[in-house]
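So the chains spell out like this:
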Amino acid sequence: MKIRMERATVVFNIMGYALITILTVLCLLPFLLIVSGSFTPEIQIISKGFSLIPETFSLDAYKAAFSNPKQILDGYKVTIFITVVGTAVGLFLTSMAGFVLSRKDFKYRDQLSFFIYLTTLFSGGLIPWYILITKHLDLKDTYMALIVPTLLSAWNIILMKNFMKSIPDSIVESAKIDGAGEFTIYLKLILPLSGPGLATIGLFMALGYWNDWFMANLFITSESHYPLQFLLYKILASAAVLKTNVAGNLSPTFQPPAETLKMAAAVIATGPIVFLYPFVQRFFVKGLTIGAVKG
Amino acid sequence: MKTKIKTMGTVLVSTAIMASMLAACGSGNNNSNNSSNASASPSTEASGNTNSGNTAEAKTPDTSKKVELTWYLLGDPAPDQQKVVAEWNKMLSADLNTTVKLNFTTWTDWQTKYNLLLASGEKVDMIFASSWADFYKFANQGAFMPLNDLLPTYAPTTWSSVSEQDWKEATVNDKIYAIPATYPEYTPDGLVYRDDWRQEFGLPEIKDVDSIEAYLDGVKKNKGVTPINGKAYNEVFTMFKASQGYQQIGGDSGVIVAKSYDTPRDIVAYPFTPEFEAWVKKMKTWSEKGFWKSDTLSDQKEAGDAIKTGQGAVYWRNAPGAGGFITGMEKSNPDIKLGYFPFSRFHNLTMPTLSVNNAMAIPKSAPNAERSLMVLDKLRNDPKYYDLMSYGLEGTDYSMDADGKHIVTPPAGVEAKDFKGYGIASWGYRVESMERVKQAGGWSGFDALLEEFKSQSKPNIFAQVIMDYAPVKSQQAAVNSVIQQYGMPLMMGLVPDVDKAIATYRKQLEAAGVNDVLKYVQEQANKSFDAQGLK
């Protein structure tokens, strides 16, 4: 049997699809421009500007970018490593903190929440933070410096706590009656039930680690430890500095990278993370709304 | 960004001015009877050192303890940096029982990083320092180690070879805080232009603002090309300053300038001068003639790129930058002939950059300052070290010229297209006599220009004025945004009614507190001029 749609619904659907299509195209265009820009010969960009479909096709930018493939491969390795390790450890810690704070029978729940919440309002500032990490924790030029500083965020803990609050207490109680310890409850019951929340926060963290260049900028001095985003940003920054008058002090042979190279670098750096979205998307939507209602 | 550029520009110009002024002072009879001032007597000590050859040996510093140093350079590492540093460390451990971990700030957010390195008291043994990286401010705040006592013992060759004047420029509050590079540069602004078009259309030789106008007009009419095709603000603004003889103070002083080199204490805000009025009226006509596009202020394109494609004719560069640009074009577009007009010809005046325009300094928290100085001394004066750390590995990065004085790139046996070129941020320890590459990328016209600059050189008195704008910070920020909003369109002749726009601009500047800034600059400048012994 066919479900008959009302005329208004049909019109609404058509309009809706049309609108979404236009918006999608608008979102895709800039990315397409970057991709096609990376395949355009440099001289054409200078004389005619960017175009959506390159008149002539050139792989020069990619050849230049991969002329030193070790650097980019190292960058990928570092970035994937810190993203995986950082997200896994971060999720573990965040969910544990969220679990503890969501339990009503934890006596100092409010005080601890306040303590965590306070850090979102007040912080020591850049220089004390820098001194802590370089001098006292001695993390300079280690992978730890890329992972540890962003491992836990107060915002994620609060989001996690609110998510776990929606899990009925009776589940915890029943497990207790069966003789489960706190950690077993957390591991066997709470975690599996927190799928959407974990996916959401995990995606936040993974994106954060993937896109982070600031930690590397401050703390990493050996080239082999540079993550991908920092490599990319480095290319752009040396182009930018050439446009300032500092350039006058530098050697005149110091050449800026080509426009096309920038585009190619952007494609290389953003490529893989784009593919992460479809896999976690279904959790993502649910997780976000749960956080929103409760938050 | 634009203000930053301008700021940098002003800093540079004033630095150059100051350096040349100081140089002149120094070569004259600057008999400082202030004997407590150690910086005033480097040459005497140095000669004492060389005379007593045997006693110097007794003074040879103890290097029995193996030390690892941490150095920071401002800039990017070269692709094969690690190999070069490994080679360097081999030499260093043999000669000085030392290794150096050479770090680079890279250009990513370098100001923040540089500030943090100095503010956090990290263990750094030597760091690049420069007047454009706030050397005077940091020295004043005590971020660097005073070197007066260390230099004669641990860097004797450098101590005697660097001129008194250069040391003086690295001196703050009677203490030397940096080892300046010995690489005098002149960086006057100027215009690169297409000389083949000038000849083709029989346009006049460029020598003043009128001939520039005639040239731009000729290009526009005959070729139908927008002469300054891209961002044109720097071209126009630096031309304005240079043609009026205005000098910026302490780097970037925004709208505050000294009216001329000869009257350094006559400090004004230029938008309030009749000269400015006349200039912007002229610029209005230039803009109407289509010398630049109406979207020039938002354009992100460099005017130089347009020259490459035959769609532009004029590009603003300082002299060494012009050399680099022109030699680059000779390779990529040999059919285009370029000329260069330095704005210094308006007033026949050039100022060298300050010696501390590029320098090396030792942070206060350095654990091994002595060894660090010894390494630097070696680096600056031993050709083996200097070549390695400036040009890379012989055979891979360059090969020696037949005369053994200059280098050839790419080296013999390496294809030009596979050749990467070795570039290191070596600005802080460059020594002119050790260089194997000519300034300005080997541009053939540069030697003549350099002669010209040297003959009209005056000491750079303006760059040493130390200004952090702390007391007038909010006014300065407000003034800068007024410049952006009202000043720049006016300068480019992009306003419908010039008189009205000038009135608005002045009113807005006053409301933003330009007079407070002016007063502050005047005070600081007078303080510095007093210290420099100027009238």
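As the structure is a computational prediction, the values presented were derived from the model and not from experiment.

Asks: How would you summarise the pairing of strand 12 (residues 338-342) of chain B if you had to cite specific residues and measurements?
Replies: All names here are of chain B. Summarising burial for strand 12: 5 of the 5 residues are buried, a large majority. Note: strand 7 (residues 189-194) against strand 12, 5 bridges, orientation antiparallel. Pairing of Gly190 across the sheet is with Pro342, part of strand 12.

Asks: Pulling in residues and values, what's your account of the packing of helix 13 (residues 274-288) of chain B against helix 20 (residues 498-512) of chain B?
Replies: All names here are of chain B. Orientation of helix 13 relative to helix 20, taken along the N-to-C sense of each, is 135°, at an axis distance of 10 Å. If you check the angle between helix 13 and helix 20, you find them oblique. Between helix 13 and helix 20 the crossing geometry is right-handed. Between helix 13 and helix 20, the contacting residues are Phe276, Glu277, Val280, Lys281 and Lys284 on the first element and Val498, Asp499, Ile502, Tyr505 and Arg506 on the second.

Asks: Please give an account of the UniProt feature "transmembrane region" (unreviewed entry) in chain A that cites residues and values.
Replies: Residue and element names in this part refer to chain A. Per the UniProt record, the feature "transmembrane region" (unreviewed entry) sits at residues 12-35, 78-102, 114-131, 143-164, 185-210 and 260-280. With 100% helix and 0% strand, residues 12-35 has end C-alpha atoms that lie 34 Å from one another. Across residues 185-210, helical content stands at 96% and strand content at 0%; the span's end C-alpha atoms are separated by 32 Å.

Asks: Go over the sheet that holds strand 8 (residues 247-248) of chain B with me, naming the residues and quoting the values.
Replies: Backbone hydrogen bonds hold the strands of a sheet together, and the pairing may be parallel or antiparallel. Residue and element names in this part refer to chain B. Read from one edge to the other, the open sheet built from 3 strands follows the order 8-9-10, with strand pairing classed as antiparallel. Either end of the sheet is taken by a strand with one partner, and the two such strands are strand 8 and strand 10 (263-269). The sheet contact formed by strand 9 (residues 256-260) and strand 10 spans 4 bridges and is antiparallel. Looking at the pairing, Ser260 lines up with Thr263 of strand 10. Contacts between helix 21 (residues 514-532) and the sheet are confined to strand 9 and strand 10, with strand 10 contributing the most and set at about 170° to the helix.

Asks: Please provide a residue-by-residue account of helix 11 (residues 195-211) of chain A, values included.
Replies: Across its 17 residues, helix 11 of chain A extends 24 Å between first and last C-alpha, which sits within 8% of the 24 Å expected from 1.5 Å per residue. When you tally the buried positions in helix 11 of chain A, you get 13 out of 17 residues, the bulk of the element.

Asks: Requested: an account of the UniProt feature "domain: DUF3502" (unreviewed entry) in chain B, with residues and values cited.
Replies: Mapped onto this numbering, the UniProt entry gives "domain: DUF3502" (unreviewed entry) at residues 466-526 of chain B. Secondary structure content for residues 466-526 of chain B is 77% helix and 0% strand, and the end C-alpha separation is 11 Å.

Asks: Describe in detail the domain arrangement of chain A, supporting the description with residues and values.
Replies: Residues and elements named next belong to chain A. By the assigned domains, chain A splits into domain 1 (7-58) and domain 2 (67-294). Each partner contributes residues to the interface: domain 1 has 10 residues there, and domain 2 has 8 residues. Where domain 1 abuts domain 2, roughly 690 Å² becomes buried across the two surfaces, and 79% of that area is made up of carbon and sulfur atoms. Among the residues domain 1 hides against domain 2, the three largest losses belong to Ile34, Ser38 and Glu42. Together they make up 56% of the total. Here domain 1 is connected to domain 2 by 0 salt bridges. Here domain 1 and domain 2 share 0 residue pairs in polar contact (both at pLDDT 80 or more) between them. Secondary-structure elements contributing two or more residues to the side of domain 1 that touches domain 2 are helix 1 (7-38) and helix 2 (42-48). The leading source of residues in the side of domain 1 that touches domain 2 is helix 1, at 5 residues. The class makeup of the residues in the side of domain 1 that touches domain 2 is 6 nonpolar, 3 polar and 1 charged.

Asks: Break down the pattern of salt bridges for me, with residues and values.
Replies: Going through the model one piece at a time under the given rule, you end up with 25 salt bridges over all chains. Across the pair Glu87 of chain B and Lys90 of chain B runs a salt bridge whose closest N-O atoms are separated by 3.5 Å. Of this pair, Glu87 of chain B and Lys90 of chain B both sit in helix 4 (residues 81-96), 3 residues apart, which is roughly one turn of the helix. By relative accessible area, Glu87 of chain B is classed as partly exposed at 29%. Taking relative accessible area as the criterion, Lys90 of chain B reaches 57% and is therefore assigned exposed. Residue Lys281 of chain B pairs with Glu277 of chain B through a salt bridge whose shortest N-O separation is 3.9 Å. With a gap of 4 residues between them, Lys281 of chain B and Glu277 of chain B both fall in helix 13, about one helical turn apart. According to the relative accessible area criterion, Glu277 of chain B is partly exposed, its value standing at 26%. In this structure, a network of salt bridges that share partners links the residues Arg103, Asp105, Lys176 and Glu182 of chain A.

Asks: Residues and numbers for a nonpolar patch on the surface, please.
Replies: Taken together, the side chains of Leu19, Ile22, Leu23, Val25, Leu26, Leu29, Leu32, Leu33, Phe50, Leu52 and Ile53 of chain A define a hydrophobic patch exposed on the protein surface, amounting to about 990 Å² of accessible area. Within the secondary structure, Leu52 of chain A is located in the loop between helix 2 and helix 3 (60-65).

About the thresholds
Counting from 1, residues in each chain are numbered in the order their sequence is written. Both sets of labels track the order of writing: A upward for chains, 1 upward for ligands. Local features in this predicted model are restricted to residues whose pLDDT is 70 or higher, and side-chain atom pairs enter the listing and the counts only when it is 80 or higher, whereas totals over whole chains, interfaces and linings include all residues. Side-chain calculation: all heavy atoms of the structure are included, whereas hydrogens and water are not. Only protein chains enter the accessibility calculation, which uses a 1.4 Å probe; a residue whose area is less than 20% of its type maximum is buried, one above 50% is exposed, and one in between is partly exposed. Runs of E in the DSSP output that reach at least two residues are strands. Runs of H or I that reach at least four are helices, and both are numbered from the N terminus. In this description, strands pair whenever DSSP reports at least two bridges between them. Each axis is a line fitted through C-alpha atoms, taken for helices only over the stretch in contact, and angles between the N-to-C directions span 0 to 180 degrees. Oblique is the label for every angle not falling under 35 degrees (roughly parallel), over 145 degrees (roughly antiparallel), or within 65 to 115 degrees (roughly perpendicular). Should the near helix be turned anticlockwise from the far one by less than a right angle, the crossing is termed left-handed; should it be turned clockwise, right-handed. Residue contacts are counted whenever heavy atoms from the two residues lie within 4.5 Å of one another. UniProt positions are given in the numbering used here, feature names are shortened, and annotations may be inferred rather than shown by experiment. Multiplying 1.5 Å by the helix residue count minus one yields the expected span of that helix. Either an automatic procedure or a domain database provided the assignment from which the domain bounds are taken. Here the quantity called buried area is the total loss of accessible area, with a 1.4 Å probe, experienced by two parts when brought into contact, counted for both. Salt bridges are defined as contacts in which a side-chain nitrogen from Lys or Arg sits within 4 Å of a carboxyl oxygen from Asp or Glu. Polar contact criterion, stated in full: a pair of N or O atoms within 3.5 Å, where within protein one must be able to donate a hydrogen and the other to accept it, and residues adjacent in sequence count only if both atoms are side-chain atoms. Here the nonpolar group is Ala, Val, Leu, Ile, Met, Phe, Trp, Tyr, Cys and Pro; Asp, Glu, Lys and Arg are the charged ones; every other residue, Gly included, is treated as polar. The patches reported here contain residues having more than 30% relative accessible area and no salt bridge. Joining distances are 9 Å for like charges and 5 Å for nonpolar side chains (Val, Leu, Ile, Met, Phe, Trp, Tyr). To measure how exposed things are, a 1.4 Å probe is used in the Shrake-Rupley method; for residues, cover is taken only from the protein chains shown.

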